[in-house]
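Here are the chains, one letter per residue:
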Amino acid sequence: MNNMTDTVKQLLIINVLCFIGSFVVPQSNDLLALYYFESDKFQFWQPITHMFMHGSPMHIFFNMFALISFGSALEHFWGAKKFLFFYLSCGLGAALIHSGVNYYEIHTLLDQLQNSAITSADIHTILNTDFVSGNQFQGQLLYENAQATFDKLNLNGDDFKILFDAAIKNQTAAVGASGAIYGLLVAFAFMFPNAELMMMFIPVPIKAKYFVPVIVLLDLFSGVTGFSLFGGNIAHFAHVGGALIGFIMMWYWKKNQFDQNRWDR
């Protein structure tokens, strides 16, 4: 903690204040979390604000621990402006790729609808009817409650399940600094490839150049298959997105540095 750099400290304070504020003003979650961009709840500022919101004490603890551990080292070498630009770019990249995957998944579902009589207005109504927040129904009960709401549309079972699954994706918000943190992990592996890191549940030192790719590949595997080693409600493609943007930026910076230092120029 004594080695924490100024920008990392300011980001830590903002994240903690936003986390506390989400309990004091619960409505802030709907305003500041990241909703799918075709949702009625989407606001243009959410790609930025979502990375300062967190869903649980453990969520913010692990993200802020990583921010302090890796962010301070990077800010020390880059300086505040370059570090903040990198951090926010990775967070925005995570939001972009997460939203792009949502777009693909939602429209893939909608393309499977069999009832051509369903109007765009009906689809919009179903996708934006709130089945999630403030609802005590879970699992099958949640599905049955939603189905009863739209009996008047005379949907067959398959079409309603498609619309229900699309609605859940449309209504589920993403929060957390994890996308930006994954960008920091990639940058750390670029700059300190032989530094030894450990996962909490695997107390064996692993060099960063091996550790970080494995973590990113695990997230990619979970995002594609739906099988998660680290629990549910994780935006795996946001993690992958932050890592990808971090990789592209580090590769570009490293390439430019090499070009500038070429002896034959």
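Just so it is clear, the model here is predicted, and its values are computed rather than measured.

Parameters and conventions
Residues numbered from 1 in each chain as written. Predicted model: local features only at pLDDT ≥ 70, side-chain atom pairs only at ≥ 80, totals over all residues. Heavy atoms only, no water. Helix = DSSP H or I, 4+ residues; strand = E, 2+ residues; numbered from the N terminus. Buried < 20%, exposed > 50% of the residue type's maximum accessible area, 1.4 Å probe, protein only. Areas by Shrake-Rupley, 256 points an atom, 1.4 Å probe, with all protein chains shown as cover. Axes fitted to C-alpha atoms, helices over the stretch in contact; angles between N-to-C directions. Parallel < 35°, antiparallel > 145°, perpendicular 65-115°, else oblique. Left-handed = near helix turned anticlockwise from the far one by under 90°. Contact = heavy atoms within 4.5 Å. Nonpolar A, V, L, I, M, F, W, Y, C, P; charged D, E, K, R; others polar. Phe/Tyr/Trp six-rings, centres within 6.5 Å; stacked < 30°, edge-to-face > 60°. Core = buried A, V, L, I, M, F, W, Y, C linked by side-chain atoms within 4.5 Å. Expected span 1.5 Å × (residues − 1). pLDDT = per-residue confidence, 0-100. Salt bridge = Lys/Arg side-chain N within 4 Å of Asp/Glu carboxyl O. Arc of directions from axis to C-beta.

### Re the overall build of the protein
And step 1. A tally of helices and strands in the protein yields 11 helices and two strands.
And step 2. Starting at the N terminus and ending at the C terminus, the protein contains elements arranged as α-α-α-α-α-α-α-α-α-β-β-α-α.
And step 3. Taking all 265 residues of the protein together, the buried fraction comes to 40%.
And step 4. Surface summary for the protein: the accessible area is close to 15,100 Å², and the carbon and sulfur share equals 64%.

### Points about the packing of helix H4 (residues 57-78) against helix H5 (residues 80-110)
And step 1. Viewed as axis vectors pointing N to C, H4 and H5 meet at an angle of 135°, and their least axial separation amounts to 7 Å. Accordingly, the angle class assigned to the pair H4 and H5 is oblique. Crossing handedness for the pair H4 and H5: right-handed. Residues Leu67, Gly71, Leu74, Glu75 and Trp78 of H4 lie in contact with H5, whose contacting residues are Ala80, Lys82, Phe83, Phe86 and Tyr87.
And step 2. Classifying every residue of the contact of H4 with H5 by side-chain character gives seven nonpolar, one polar and two charged.

### Considering the packing of aromatic side chains
And step 1. Evaluated as defined, the whole model comprises 15 aromatic pairs.
And step 2. Judged by centre distance (5.4 Å) and plane angle (70°), the ring pair of Phe61 and Phe62 falls under edge-to-face.
And step 3. Taken together, the ring pairs in this structure connect Phe70, Phe77, Phe188 and Phe192 into an aromatic cluster.

### A look at the nonpolar core
And step 1. Judged by nonpolar contacts, the single largest core of 38 residues is most densely connected at Leu67, Phe83, Phe86, Tyr87 and Leu184.
And step 2. Mapped onto this core, the elements with two or more residues apiece are helix H1 (6-24), H4, H5, helix H9 (178-191), helix H10 (208-225) and helix H11 (236-260).
And step 3. Residue contributions to this core peak at nine residues, all from H9.
And step 4. Sequence-distant contacts of Tyr87, that is, excluding residues within four places in its chain, are made with Leu11, Asn15, Met51, Leu67, Ala177, Ala180, Ile181 and Leu184.
And step 5. Counting residues in hydrophobic clusters, the runner-up holds 13 residues, among them Leu113, Ile118, Ile123 and Ala167.

### With respect to H9
And step 1. For H9, spanning 14 residues, the distance from its first C-alpha to its last is 20 Å, which sits close to the expected 20 Å at 1.5 Å a residue.
And step 2. Burial in H9 covers these residues: Ser178, Gly179, Ala180, Ile181, Tyr182, Gly183, Leu184, Leu185, Val186, Ala187, Phe188 and Ala189.

### Some words on the confidence of the model for the protein
And step 1. Mean pLDDT over the protein: 85, with 83% of residues reaching 70 or higher.
And step 2. Taken as a whole, residues 134-139 scores under 50 in pLDDT and shows five contacts with residues more than four places along the chain or in a different chain.

### Description of the pattern of salt bridges
Oppositely charged side chains may form a pair once their charged atoms are brought near each other.
And step 1. Here the structure, examined in full by the defined rule, presents two salt bridges.
And step 2. Residue Lys41 pairs with Asp30 through a salt bridge whose shortest N-O separation is 3.8 Å. Residue Lys41 is found in the loop between helix H2 (28-32) and helix H3 (46-49), and its partner Asp30 is found in helix H2; the two are separated by 11 residues along the sequence.

### What about H10?
Within an α-helix, residues lying three or four positions from one another point in the same direction, as the helix has 3.6 residues per turn.
And step 1. With 18 residues, H10 extends 25 Å between its outermost C-alpha atoms, agreeing within 8% with the 26 Å of an ideal straight helix rising 1.5 Å per residue.
And step 2. Taken together, the buried positions of H10 are occupied by Ala208, Phe211, Val212, Ile215, Val216, Asp219 and Ser222. For H10, the angular spread of buried residues about the axis comes to 120°, placing them on one side. Residues of H10 that are exposed and point more than 90 degrees away from the buried face comprise Leu217 and Val224.

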